[in-house]
Amino acid sequence: MHNPKKFPEGFLWGGATAANQVEGGFNEGNKGLNIADVLPGGKERLKLLLEPGFDFEVNKEKYTYPNHEAIDFYHRYKEDIALFAEMGFKVFRMSIAWTRIFPNGDELEPNEEGLAFYDRVFDELHKYGIEPVVTISHYEMPVNLVKEYGGWRSRQVVTFFERYVSVIFNRYKGKVKYWLTFNEINSGLHFPIMGLGFAIQKESDKYQSTFQAYHHQFVASSTAVKLCRELMPDAKIGCMILYAPVYAYDSNPENVLYALQEHQLFNYFCTDVQVRGEYPAFIKRYFNDYDIQLEIQEGDLELIKENTVDYISLSYYMSRTEKVDKTEEEKGQGNILSGVRNPFLEASEEWGWEIDPTGLRTSLNQLYGRYQVPLFVVENGLGARDEVASDGSIKDDYRIDYLRNHIKAMGEAMEDGVELMGYTPWGCIDLVSMSTGEMSKRYGLIYVDKQDDGSGTLERKRKKSFFWYKDVIASNGEVL
Ligand code: BG6
């Protein structure tokens, strides 16, 4: 299909992953345990984290741990990067596992083996002219910081994070030009354990803890931006949000206000601070209503004001529909967020995620309209079951359709005036699902022979979407 919308020269086409979902080698090279390493496999894995008795230890008698081996990128990165190069990737989004560099998070000296691993990965990418886009923290907090410090509730974690950032910036300043601070930073508003490093068990403490932890992350993020500017004046550093534009279920003014006030404005909470450099006006009333009193140290607000990000990166999988009175039966599906089902949208077959490419165009316009800084879609994709045919081929036309329609929506948004830096579809190679730990929920353009029960040869195969995406990149988005 020919796409009438032209993508600009230098558009950053690529793919996205996170260390904990691809690397494996969970205890190799002196790596310490992070949250993902203690996440058991299975659809209930995120719920388990919230159980009061959950101890954040590995218990192999009781559970399986799909992230421990994942797809073994730790040993197979050369083969994988060669495949990315074959598709023509300009960039590759990956994360650094904090616990490869600081196994417990609170050491004074970094772990050389971990640093050397990422040197090898970056060098391999550069061999093919692929620029790494590096997430500093992608749901990979050291377990020690969760257990001993209560995650981001503790101000001390800011100091540990600064040390980690200073080490990786000094080490990789000649090798990495694109950085992201915290993956889906706003997800902690809905599910704090993965991003903020603590599980809420007491309703009374929920609001105060969450926003204090956010304040610490904002200070940490601004410190990273400041350091990045000092050490790498030519690099770009962005924030990263989970963006699902919120629609009112209908035109009932009560539902419209509810969708805006209780949901859509919170889509902007983190970006307002990280891009505009200030807490937004709407949050002041919320802080009063819930009796939230932030502990703010001298200099914090100035630091936040002076060190705003260069760009906004976002994950976009679906939109969200909200109404005041919703019943259990009406609820939609998602990994962290869900509203009510939208009668105008179809959903993915097994996992029920609604498919809404138009919502991506809406999202990009909303974000660009509010902030006027470049945007970067660093996650988007369809989790689906793939079948390997008897001739070895994998005909994932459903995935091609999904990606094609979202790329078209990006083209339209650029025509609308949005400045878009690039596109890195999620799980460009099959990986472990964050919310369910499944391998069968596949996002990849590259198939990995690894099954939910841990069996499989780990062999990589090119899916039909691999060849399709190669043409998309080669034609700079003209051939879809
Ligand atoms: C995003 C996360 O929320 O969605 C990824 O940043 C995650 O880590 C992706 O894998 C897809 O979600 P899931 O639950 O299908 O893996």
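Residues numbered from 1 in each chain as written. Predicted model: local features only at pLDDT ≥ 70, side-chain atom pairs only at ≥ 80, totals over all residues.

- The name that an unreviewed UniProt entry assigns to the chain is 6-phospho-beta-glucosidase, with the source organism given as Mesobacillus persicus.
- On record in UniProt, under Sequence similarities (unreviewed entry), the comment for the chain is "Belongs to the glycosyl hydrolase 1 family." (UniProt positions renumbered as here; feature names shortened; annotations may be inferred.)

## Focus on the pairing of strand E3 (residues 131–137)
The side chains of a regular strand alternate, first on one face of the sheet and then on the other.
Thinking step 1. Of all the seven residues making up E3, six are buried; the element is thus mostly covered by neighbouring parts of the structure.
Thinking step 2. When strand E2 (residues 91–95) meets E3, the two strands line up parallel, connected through five bridges. Bridging from a neighbouring strand, Met94 pairs with Val134 of E3.
Thinking step 3. Pairing of E3 with strand E4 (residues 178–182) involves four bridges; the strand directions are parallel. Of the residues in E4, the one forming a bridge with Ser137 is Phe182. (Buried ≥ 20, exposed ≤ 12 C-beta atoms within 10 Å, placed from the backbone. Helix = DSSP H or I, 4+ residues; strand = E, 2+ residues; numbered from the N terminus. Pairing = 2+ DSSP bridges.)

## Re the site of the ligand
Thinking step 1. In the vicinity of the ligand, 14 residues are found, and the nearest of them are Asn335, Gly383, Ser433, Met434 and Ser435.
Thinking step 2. For the shell around the ligand, the residue count by class is four nonpolar, seven polar and three charged. (Near = placed C-beta within 6 Å. Nonpolar A, V, L, I, M, F, W, Y, C, P; charged D, E, K, R; others polar.)

## Remarks on the packing of helix H3 (residues 73–87) against helix H5 (residues 112–127)
Thinking step 1. Two numbers describe how H3 lies on H5: the axes approach to 10 Å, and their chain directions differ by 20 degrees. With respect to H5, the element H3 is oriented roughly parallel. Where H3 crosses over H5, the two elements pack in a sense that is right-handed. Residues Tyr77, Lys78 and Ile81 of H3 lie in contact with H5, whose contacting residues are Val121, Glu124 and Leu125.
Thinking step 2. For the contact of H3 with H5, the class distribution of residues is four nonpolar, no polar and two charged. (Axes fitted to C-alpha atoms, helices over the stretch in contact; angles between N-to-C directions. Parallel < 35°, antiparallel > 145°, perpendicular 65-115°, else oblique. Left-handed = near helix turned anticlockwise from the far one by under 90°. Contact = placed C-beta atoms within 7 Å.)

## Concerning the pairing of strand E12 (residues 420–423)
Thinking step 1. By the bridge criterion, two bridges tie strand E1 (residues 12–16) to E12 in an arrangement that is parallel. If you follow Leu12 over to E12, its bridge partner there is Gly422.
Thinking step 2. Sheet analysis places strand E11 (residues 375–379) next to E12, joined by two bridges and oriented parallel. Paired with Leu375 across the bridge in E12 is Leu420.

## As for the UniProt feature "active site" (unreviewed entry) in the chain
Thinking step 1. Here, the residues flagged by UniProt with the feature "active site" (unreviewed entry) are Glu379.
Thinking step 2. When you line up the elements, Glu379 lands in strand E11.

## Structural notes on the packing of helix H7 (residues 156–172) against helix H9 (residues 203–231)
Thinking step 1. Axis separation between H7 and H9 bottoms out at 10 Å; the angle between their running directions is 25 degrees. The pairing of H7 with H9 is recorded here as roughly parallel in orientation. The two elements H7 and H9 meet at a crossing, and its hand is right-handed. The residues of H9 that touch H7, namely those facing Val157, Val158, Phe161, Glu162, Val165, Ser166, Phe169 and Asn170, are His216, Val219, Ala220, Thr223, Ala224, Leu227, Cys228 and Leu231.
Thinking step 2. Of the residues in the contact of H7 with H9, the class split is 11 nonpolar, four polar and one charged.

## Thoughts on the nonpolar core
Nonpolar side chains tend toward joint burial in soluble globular proteins.
Thinking step 1. Of all hydrophobic cores here, the largest spans 135 residues; its most connected members are Leu375 and Met410.
Thinking step 2. Those residues in contact with Leu375 that sit more than four places away from it in its chain are Tyr311, Ile312, Leu314, Leu364, Leu367, Tyr368, Val418, Glu419, Leu420 and Met421. (Core = buried A, V, L, I, M, F, W, Y, C linked by C-beta atoms within 7 Å.)

## Some words on the environment of Tyr178
Thinking step 1. By secondary structure assignment, the location of Tyr178 is in strand E4.
Thinking step 2. Classification of Tyr178 by C-beta neighbours within 10 Å gives buried; the count is 23.
Thinking step 3. Taking the C-alpha atoms as reference points, Tyr178 and Ile237, separated by 59 residues in sequence, lie 6.0 Å from one another.
Thinking step 4. Tyr178 has contacts with Val91, Glu131, Val133, Val134 and Lys236, leaving out every residue within four places of it along the chain.

## Remarks on the confidence of the model for the chain
Thinking step 1. On average, the chain scores 95 in pLDDT, and the residues at 70 or more come to 99%.
Thinking step 2. Both scores are given for the predicted complex: the pTM is 0.97, the ipTM 0.99. (pLDDT = per-residue confidence, 0-100.)

## What to know about the sheet that holds E11
Thinking step 1. The strand order E1-E2-E3-E4-E5-E7-E11-E12 describes a closed barrel built from eight strands, whose pairing is parallel. Neighbour-to-neighbour, the strand axes of the sheet open up by a mean angle of 30 degrees, direction not taken into account.
Thinking step 2. The sheet strands contacting H9 are E3, E4 and strand E5 (236–242), and the helix crosses E4 at an angle near 165 degrees.

## A word on unusual backbone geometry
Thinking step 1. Unusually for a residue other than glycine, Asn30 sits at a positive phi of about 65 degrees.
Thinking step 2. Residue classification places Asn30 among the partly exposed positions, given that 13 C-beta atoms sit within 10 Å.
Thinking step 3. Non-glycine residue Asn476 carries a positive phi angle of around 50 degrees.
Thinking step 4. Tracing the chain through its elements places Asn476 in the segment after helix H16 (464–474).

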